[in-house]
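In case you want the letters, here they are:
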Amino acid sequence: MSNGGFSSRNGASGASYINGPFQNPITLHPSTQGYIVAQPSSTMTQSKAPLLPAPDNYNFKLYQQAPPMSLYQSPSGSSMPSRSPEGCLEPFAPFQTAVNNHRMLLLPTPQSSSTPPVSNSFCQNLQQPRSRQYEGHTHMGNEVSPNPALGSSLTSMAYSLGTATPPFFCNAPQSPGPPPASASNLPVPAGPYPPQPGQMSKPASTAYPSLEPGYQGIEGVPKPLPMHPPTQPYSSPPQQYQQPSVGPAQLSPSLSALSLQSQTPEALRVVNLLQERNLLPPGPVPAPTPCLPQDLQKLNCSPEVFRSTLTSIPQTQALLSKAKLPLGLLLHPFKDLSQLPVVTSSSIVRCRSCRTYINPFVSFLDQRRWKCNLCYRVNDVPEDFMYNPVSRSYGEPHKRPEIQNATIEFIAPSEYMLRPPQPAVYLFVLDVSHNAVETGYLDVVCQSLLDNLNSLPGDTRTKIGFITFDSMIHFYNLQEGLSQPQMLIVSDIEEIFLPTPDSLLVNLNECKELVRDLLKSLPQMFTKTMETHSALGPALQASFKLMSPTGGRVSVFQTQLPSLGVGALNSREDPNQRASAKDVQHLSPATDFYKKLALDCSGQQVAVDLFLLSAQYSDLATLGCISRYSAGSIYFYPSYHSQHNPAQTERFQKDLKRYLTRKIGFEAVMRIRCTKGLSIHTFHGNFFVRSTDLLSLPNVNPDAGFAVQMSIEENLVDMQVVSFQAALLYTSSKGERRIRVHTMCLPVVNSMSDIFAGADVQAIIGLLASMAVDRSVTASLSDARDAMTNAAIDSLISYRTSVLTIQQPGLLAPACLRLFPLYVLALLKQKAFRTGTSTQLDDRVFAMCQLKYQPLIYLMLMIHPSLYRLDNLTDEGALNVKDRTIPQPRMLQLSVEKLSREGAFLMDTGSEMYLWVGRNCNPTFLKQVLGVQNYVTVPLNMNQLPELDTAESTRTRAFIGWLREQRSFYPVLHIIRDESPLKANFMQNMIEDRTESALSYYEFLLHVQQQVSK
């Protein structure tokens, strides 16, 4: 990597890419992580760096440097130049090896009308080195060298999403941090919080109201701001929406009546974070509702499927940059839906210009013409679209299902098929080395497959196959007519070949008995093996050869570091550096073999899912590439052993059942379109980008999430609303070609207060988490941590200077962003980004994979777990779900201050649940819920609640079961007490409390306040 930008050597095609100039809305204060162990000091300097994602793995476009456009005034008063990209385009080779799985497209500004059109074609070879000047660098072929004449002047550019980005945060001069200090001499504005009703008089441990001696006895806390009475946001009556004659583009009278300028909505209520303690709502944080007329809003896409970080889109990029909030979308496109309209039609109505699918937000000029809500082209209404299949009426196209549902699925006609729809094909690749057999996982996999063989998604064409491997590759002939399965061994792993290509993948219905025989005998076949090596690379090559003709899903089970053949790896982890190192090494792959193979798989519609069950370091940063770039999934079970770790075994069993039986889409592609003037420049998730905006998804599953970053390329001055549409084309397991379409409409605003009022704090955090993962890999962990902190600091500075009319003391935030600093601190303490705590490298990398891949609803539990008290559950306020009464306890702050030794508390972290039982817990709860006589008899490794015939047991099990039903994966329950080894895991999630290596929430707020007040 050069000192002026990102440069990556591409293993697949020999090309390199450089990240161009980009403005980003999150700037960077000193990279010393001063809020962790250093004292916030007035001497701290403003060294800014953006949270910049890396380039991706395909056709990358570069733009030449543009002259400086404007100056960005930093909080400290220093001005920093910002640049906007424009200039030439150059396609790069498609199969590059990138550190991150997303793409970035630097789009030209409106002034660059002379720029040639973007080409979507791939450039297979870049053999002749070409020289060009590019943002302070001379680029020769695959090498990038800094230009000393320009390099130094660009080291402190601020940025805003989607325009110009300073690529130099890696080696930019960093200001030295303030001297280390203890918590007691940090500057504290005014002493502890005022007492709250119901507060514990004696906290169980140190929490931020009960500060260390240096905090106590300090007077002068600023008085609370006068609170505005709660008002209904956007309460002006909406205008009637006449779909046949009026569309979103003509909504200016309606939206002007809904302006936020005329009143202060609840979202903009001023909150002093240093004085208001109880910021958490009693239940889940709801998604904000866009400020749209009621008739439009009731048609909008569900936020569970399609969500924007800003529900009010700024008119200009300059306004977005000023707000210092990221603009992006979070998608859950293949989510399991209870209601999904499915339309079968000989022709699917789309815009002739931009190919947008007709949707609820188009405008009907009359019965025969409609205007596209993305490009504004007027299209004809086809004759067969005049008939409404629901009402069986003619002449009312605006009442068809496509116009009444923002999420809809079409059964595609033949023109949407490049080849006949592929069958469901499943290949299982199993590690059978000595280490693997010792864990006992093979019995679990084979038994689970036997139990669910008839539930695998598919039809009469479904195929199945098996490969096992240690130091050799074992194939299994399951051809119809054999009396028993035949094992075929290939010992030459250097030149892998298929011994009988036609009989290794067989029709499941025709050969089901042979498959059952193999699954019953497989665990016993290798019980006495002493083979310790693992030839994972050759096994994957064999899988690719076997699956290439059809496409399908490869499920790989691996228990150790690959040690033989191509793709062999060496251990890179130093256990002694886990807690002490400020920057974590080896977050990027050690070899590009797995990525190149994944790209080959993607080209043949093959996805690879990786199950890693290991007690030792297995280099997930490298192995994960096989799934990340083939649109697969990654499952990780550290310290897995079927006997010694029953909780992991239970989780593995439940996950495997869901994995085998959930719906699946094959040979899928997804494209996201947006209204003219907006552009997408970065994708996050597991996929390969086939062209500028087309995601290749050989498999798509209902548990996969995606995120995209956006910019405003052209001013949206003449628009009242903008729309976004995601279209997912896939082949169902039954062989149907289907298109699932989601469309979302959002208002356009021109004031800072309206932008902040529409901020979705959870969506912002979800997007920042993905951006921070990329930043950790391409730059450093400390850079990512600093950039996340500055995301909160800069947005609050912008709010203070641009929205607040009366400046008051304290750390002020709008109510909609009141949880922003808390969520940022939670991210800093999350396994992916934490420092100062011993974290295994594979654990950290897996957490990063989840942050990039999980849908937002699951992501938030990972970032900020939920805490409930369970020993006093009642039916007051309970839900009634399927004739079951589900108690609804209040969500508590993540601080030991909220714990009591007289109670029992459940912490839900998404993938795991911890039920902590206090030493003096109510004996009634112990007997009637846990089935034990007293605290001492609670087992140390208890993972199940007994089914007791008591009201308390019924309530507790109903609540935990309801929580589990909210997600697709299975969270294991750990019942712990003070002596339990897992108590440390429980306490690590107390985000608001101070630890040896991280500040408390209160101390973090002090740091943020000091930076905001500069």
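Residues numbered from 1 in each chain as written. Predicted model: local features only at pLDDT ≥ 70, side-chain atom pairs only at ≥ 80, totals over all residues. Heavy atoms only, no water.

K.L.:
Run through the pattern of salt bridges, naming residues and quoting values.
P.N.:
Throughout the structure, instances matching the rule amount to 33 salt bridges. The salt bridge involving glutamate 409 is made with arginine 740; its shortest N-O contact spans 2.7 Å. You can see glutamate 409 sitting in strand β18 (residues 407-411) and its partner arginine 740 sitting in strand β33 (residues 737-749), a full 331 residues away along the chain. (Salt bridge = Lys/Arg side-chain N within 4 Å of Asp/Glu carboxyl O. Helix = DSSP H or I, 4+ residues; strand = E, 2+ residues; numbered from the N terminus.)

K.L.:
An account of the nonpolar core is needed here, citing residue identities and associated values.
P.N.:
Counting 177 residues, the largest nonpolar core has Ile473, Phe724, Phe820 and Phe833 as the members making the most contacts within it. At eleven residues, helix α16 (residues 761-778) tops the list of elements feeding residues into this core. Residues Tyr426, Val445, Leu478 and Leu519 belong to the second largest nonpolar core, which totals 40 residues. (Core = buried A, V, L, I, M, F, W, Y, C linked by side-chain atoms within 4.5 Å. Buried < 20%, exposed > 50% of the residue type's maximum accessible area, 1.4 Å probe, protein only.)

K.L.:
Talk me through the packing of helix α17 (residues 781-802) against helix α18 (residues 820-828); I want residue IDs and the actual numbers.
P.N.:
As a packed pair, α17 and α18 sit with axes 10 Å apart at the nearest point and diverge in direction by 175 degrees. Classified by the angle their axes make, α17 and α18 are roughly antiparallel. Across the interface between the two elements, Arg785, Met788, Thr789, Ala791, Ala792, Ser795 and Leu796 from α17 touch Phe820, Pro821, Val824, Leu827 and Leu828 from α18. In terms of residue class, the contact of α17 with α18 is made up of nine nonpolar, two polar and one charged. (Axes fitted to C-alpha atoms, helices over the stretch in contact; angles between N-to-C directions. Parallel < 35°, antiparallel > 145°, perpendicular 65-115°, else oblique. Contact = heavy atoms within 4.5 Å. Nonpolar A, V, L, I, M, F, W, Y, C, P; charged D, E, K, R; others polar.)

K.L.:
Can you break down the confidence of the model for the chain residue by residue, with the values?
P.N.:
Per-residue confidence for the chain averages 78 on the pLDDT scale, and 73% of its residues sit at or above 70. Every residue in residues 1-262 scores below 50 in pLDDT, and together they form 700 contacts with partners more than four places removed in sequence or on other chains. (pLDDT = per-residue confidence, 0-100.)

K.L.:
So what's going on with the packing of aromatic side chains? Which residues, and what values?
P.N.:
Evaluated as defined, the whole model comprises 23 aromatic pairs. Ring geometry for phenylalanine 557 versus phenylalanine 652: centroids 6.4 Å apart, planes at 70 degrees, classification edge-to-face. Highlighted residues: phenylalanine 557 in strand β24 (residues 552-558) and phenylalanine 652 in helix α14 (residues 646-661), separated in sequence by 95 residues. In this structure phenylalanine 557 comes out as buried when scored by relative accessible area, which is 1%. A relative accessible area of 0% means that phenylalanine 652 is categorised as buried. A connected cluster of aromatic rings, assembled from ring pairs, spans Tyr441, Phe557, Phe611, Tyr635, Tyr637, Tyr640, Phe652 and Tyr659. Above the face of the tyrosine 629 ring, lysine 595 is positioned so that its terminal group lies 4.4 Å from the ring centre. The ring centre of tyrosine 935 lies 5.7 Å from the NZ or CZ of arginine 977, which sits over that ring. (Phe/Tyr/Trp six-rings, centres within 6.5 Å; stacked < 30°, edge-to-face > 60°. Lys NZ or Arg CZ within 6 Å of the ring centre and 35° of its normal.)

K.L.:
Give a description of the sheet that holds strand β14 (residues 369-371) that names residues and reports values.
P.N.:
The sheet built from three strands is open, its strands ordered β13-β14-β15 with antiparallel pairing. Of all the strands in the sheet, the pair left with one neighbour each is β13 (363-366) and β15 (378-380). Strand-to-strand twist in this sheet, taken as the mean axis angle between neighbours without regard to direction, amounts to 35 degrees. In terms of strand pairing, β13 meets β14 through three bridges, oriented antiparallel. Residue pairing across strands places serine 363 opposite lysine 371, the latter belonging to β14. (Pairing = 2+ DSSP bridges.)

K.L.:
Give a description of the packing of helix α10 (residues 536-547) against helix α11 (residues 593-603) that names residues and reports values.
P.N.:
Relative placement of two packed helices is described by the angle separating their axes and the distance separating the axes. Direction vectors running N to C along α10 and α11 enclose 10 degrees, while the axes themselves pass 11 Å from each other. For the element pair α10 / α11, the angle class is roughly parallel. Contact residues: α10 offers Leu536, Gly537, Leu540, Gln541 and Phe544, while α11 offers Phe593, Tyr594, Leu597, Asp600 and Cys601. Here the residues of the contact of α10 with α11 sort into seven nonpolar, two polar and one charged.

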